[in-house]
Amino acid sequence: MARFQRSALPGFTPALGITLTWVSLIVLLPLASLALRPWSLGLEGVWHAISEPRVAAALRLSFGAALLAAAVNVPLGLLTAWVMVRYRFPGRDLADSLIDMPLALPTAVAGIALTALFAPNGWIGALLTPLGIKVAYTPLGVLIALIFVGLPFMVRTLEPVLMDLPLESEEAAATLGATRGQTLRRVVLPALAPALLAGFGAALARGVGEYGSVIFIAGNMPMRSEIAPLLIVIRLEQLDYAGAAALALVMLLVSFGLLLLLNIMQARMRRRP
Amino acid sequence: MTQTRPTQERPATRAAVIALTLVLLTGFLLLPLLVVFVEAFAHGFGAVLTALSEPDALAAIRLTLIVAAISVPLNTVCGLAAAWCIGRFEFPGRGLLMTLIELPFSVSPVVSGLVWVLLFGTNGWLGTVADRANVQVLFALPGLVLATVFVTFPFVARTLIPLMREQGSAEEEAAVTLGAKGWRVFWHVTLPNIRWGLLYGVLLCNARAMGEFGAVAVVSGHVRGQTMTMPLQVEALFNDYDWVGAFTIAGLLSLLALITLAVKAVLEWRIGEHGRALI
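**Overview of the overall build of chain B**
A count of helical and extended segments in chain B gives 13 helices and zero strands. If you line up chain B on its principal axes, its C-alpha atoms span 70 × 60 × 30 Å. Across the 279 residues in chain B, those meeting the buried criterion constitute 47%. Sequence separation of at least 24 residues holds for 76% of the intrachain contacts in chain B that already meet a minimum separation of 6.

And the structure:
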């Protein structure tokens, strides 16, 4: 172990042993069984399991709504993070700890609470019904739930970066005659771009797999408001294990692909001066 | 402060932006919390007490506590072990190990449950092993614990590793030089230094363990009074149109969320805002 352990501290081997055992049993073994299971259907069977119209519709809704929700959270999160970092006002600390509410609240609780709020006779739903807007039991409900759970990811990714942003560059821009709006657009926003992308990716990843906060408000109509994770549950209930695994594998691969793409974009942005 | 500095917005703009944000935050983040309690108490205090004393509700509360009581300590010990080797030593593959530890966070809750069904269900790799040992894993306590452990696995390690790397190992090395042995170094030097961070990780781990829905929904089998945790009981009651019952249990879980957020804020003040992590 000499090559590994150039430290005077004890306990490396047992600590690494426990960690590797735990990671293998809890993470690697289950995920490996997921990766191999779909192929018991054969290549054609796997293709059939992931290309049915109902599956395609569910995947489109899960990824589409997650992308849209993450996009809505860009301005929303930017505004919130800016106010929390740059301004001092009474109640700021309370408001700041409130931002984690969507993650602290168990998803099932968030789900039934949002449903109660946005149902046609709910506090918010009753205001929207006269305008002809239906949220609960439609794809719009899925979007609302995903914006709700995604917001903390955007805000918490932006806050530390905003805190570390040097005020000097903004002062310099102002000295050179830029208006405040120009400074924000040309100096602050480009500096935040990598963090915005990172927050977007985190919100997206969460949204694609989100289950508890969505299924109550979605109405779960096949082909219309049925999300992919719910379809996995339905297949399991029909004892179609390999079909469920095939769908899960597709979701995982597409998510990882998207995250990888966002990571590459982020790295490029950081390299540019 | 009447004059605007070049790096600030005009006071009127600032006030408008703050007001807009606060309205959005209360509308979006506070109303869902409020509606839970309003719906729970819609038929008065007595109805809440009745809902709470239902045998199925009590069984769900008990099961949630048992699952958390097993999963959280397991993940705390393993999180500490991971933090010790990744946070204190350099070795090839450290980054890869860290990625593997954080992997469960990027997996859908439903898939986190599904993997255990695949492993222990019909034709699963470990199905026959469990059968031979006469252990019922799926639709029973072991399955609920495994799903919860998978979902909450990263919390402790993820909070401790950046903290321990930032602190460095000078103090521990000094203790070793002075002749302290393994566990003594850990108890008397490391633990006092990381205690707030450890508490923070355990807090987030526990909140998620008690509130997890998707992963346990898949492995539970939904046997009322037996394999239903509190979030699952919320779903069952809501689908039965028992709103008072559903929102009463949801209210208990919301109280847990509020307490978690309050303790989290206190701990963040202890460890500094840069040590902050997401639940």
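The rest of the description comes next.
**Some remarks on the overall build of chain A**
Each helix and strand in chain A was counted, giving 13 helices and zero strands. Starting at the N terminus and walking to the C terminus, you meet the elements of chain A as α-α-α-α-α-α-α-α-α-α-α-α-α. Referenced to the eigenvectors of the C-alpha coordinate spread, the extents of chain A come out at roughly 75 × 65 × 35 Å. Residue pairs at least 24 apart in sequence account for 76% of intrachain contacts in chain A once pairs closer than 6 positions are excluded.

**Description of the environment of Ile271 of chain B**
Residue and element names in this part refer to chain B. Tracing the backbone shows Ile271 in helix α13 (residues 243–271). Considering only alpha carbons, one finds Ile271 and Asp131, 140 residues apart in sequence, at a separation of 47 Å. Those residues within four positions of Ile271 in sequence are excluded, and the remaining contacts are Leu163, Trp196, Gly197 and Tyr200.

**With respect to the packing of helix α6 (residues 107–118) of chain A against helix α12 (residues 230–239) of chain B**
Contact geometry of α6 of chain A with α12 of chain B gives a least axis separation of 8 Å together with a crossing angle of 25°. By the criterion of interaxial angle, the relationship of α6 of chain A to α12 of chain B is roughly parallel. Of α12 of chain B, the residues touching α6 of chain A (which contributes Ala108, Val109 and Ile112 of chain A) are Pro231, Val234, Glu235 and Phe238 of chain B. Class assignment of the residues belonging to the contact of α6 of chain A with α12 of chain B gives a composition of six nonpolar, no polar and one charged.

**Some remarks on the interface of chain B and chain A**
Each partner contributes residues to the interface: chain B has 78 residues there, and chain A has 74 residues. Ranked by the residues each element gives to the side of chain B that touches chain A, the list is headed by helix α1 (residues 11–40) of chain B, at 15 residues. Tallied by class, residues from the side of chain B that touches chain A come to 55 nonpolar, 14 polar and nine charged.

**Side note on the domain arrangement of chain A**
Residue and element names in this part refer to chain A. For chain A, the domain assignment lists domain 1 (1–40) and domain 2 (52–271). Here the C-alpha centroids of domain 1 and domain 2 sit 32 Å apart. On the domain 2 side, the residues contacting the five residues of domain 1 number six residues. For the side of domain 1 that touches domain 2, the residue count by class is three nonpolar, one polar and one charged.

**Some points on the environment of Ser169 of chain A**
All names here are of chain A. In this fold, Ser169 is placed in helix α9 (residues 167–175). Judged by local crowding, Ser169 falls into the partly exposed class, with 14 C-beta atoms found within 10 Å. Separated by 160 residues in the primary sequence, Ser169 and Leu9 place their C-alpha atoms 44 Å from one another.

**Regarding unusual backbone geometry**
Residue and element names in this part refer to chain A. Despite not being glycine, Tyr137 has its phi angle at roughly 65°, a positive value. Structurally, Tyr137 can be placed in the loop between α7 (125–128) and α8 (139–164). The phi angle at Asn220 is positive, at roughly 55°, despite the residue not being glycine. Locating Asn220 in the fold gives a position in the loop between α11 (212–218) and α12 (228–237).

**Section: α13 of chain B**
Between its first and last C-alpha, α13 of chain B extends 40 Å over 29 residues, near the 42 Å set by a 1.5 Å rise per residue. At the exit of α13 of chain B stands Gly272 of chain B, carrying a positive phi of roughly 90°.

**Description of the confidence of the model for chain A**
Residue and element names in this part refer to chain A. On average, residues of chain A score 92 in pLDDT, and 97% of them reach the 70 mark or higher. Model confidence for chain A, summarised as mean pLDDT per element, is weakest for α9 at 85 and strongest for α6 at 97. Every residue in residues 1–5 scores below 50 in pLDDT, and together they form four contacts with partners more than four places removed in sequence or on other chains.

**A word on the packing of helix α3 (residues 53–86) of chain A against α1 of chain B**
Close contact between α3 of chain A and α1 of chain B brings their axes to 10 Å; oriented N to C, the two are set at 120°. Viewed along their axes, α3 of chain A and α1 of chain B adopt a mutual orientation that is oblique. Seen from above, α3 of chain A lies across α1 of chain B with left-handed handedness. Judged by residue contacts, Leu79, Thr80 and Val83 of chain A of α3 of chain A engage Val17, Ile18, Thr21 and Leu25 of chain B from α1 of chain B. By residue class, the composition of the contact of α3 of chain A with α1 of chain B is five nonpolar, two polar and no charged.

**What about the environment of His222 of chain B?**
All names here are of chain B. In this fold, His222 is placed in the loop between α11 (214–220) and α12. For the pair formed by His222 and Met98, sequence separation is 124 residues and the distance between their alpha carbons is 34 Å. Apart from residues lying up to four places away in sequence, His222 is in contact with Thr227, Met228, Leu232 and Ala236.

Definitions and limits used
Residues numbered from 1 in each chain as written. Chains lettered and ligands numbered in written order. Predicted model: local features only at pLDDT ≥ 70, side-chain atom pairs only at ≥ 80, totals over all residues. Helix = DSSP H or I, 4+ residues; strand = E, 2+ residues; numbered from the N terminus. Buried ≥ 20, exposed ≤ 12 C-beta atoms within 10 Å, placed from the backbone. Contact = placed C-beta atoms within 7 Å. Axes fitted to C-alpha atoms, helices over the stretch in contact; angles between N-to-C directions. Parallel < 35°, antiparallel > 145°, perpendicular 65-115°, else oblique. Nonpolar A, V, L, I, M, F, W, Y, C, P; charged D, E, K, R; others polar. Domains from an automatic or database assignment. Expected span 1.5 Å × (residues − 1). pLDDT = per-residue confidence, 0-100. Left-handed = near helix turned anticlockwise from the far one by under 90°.

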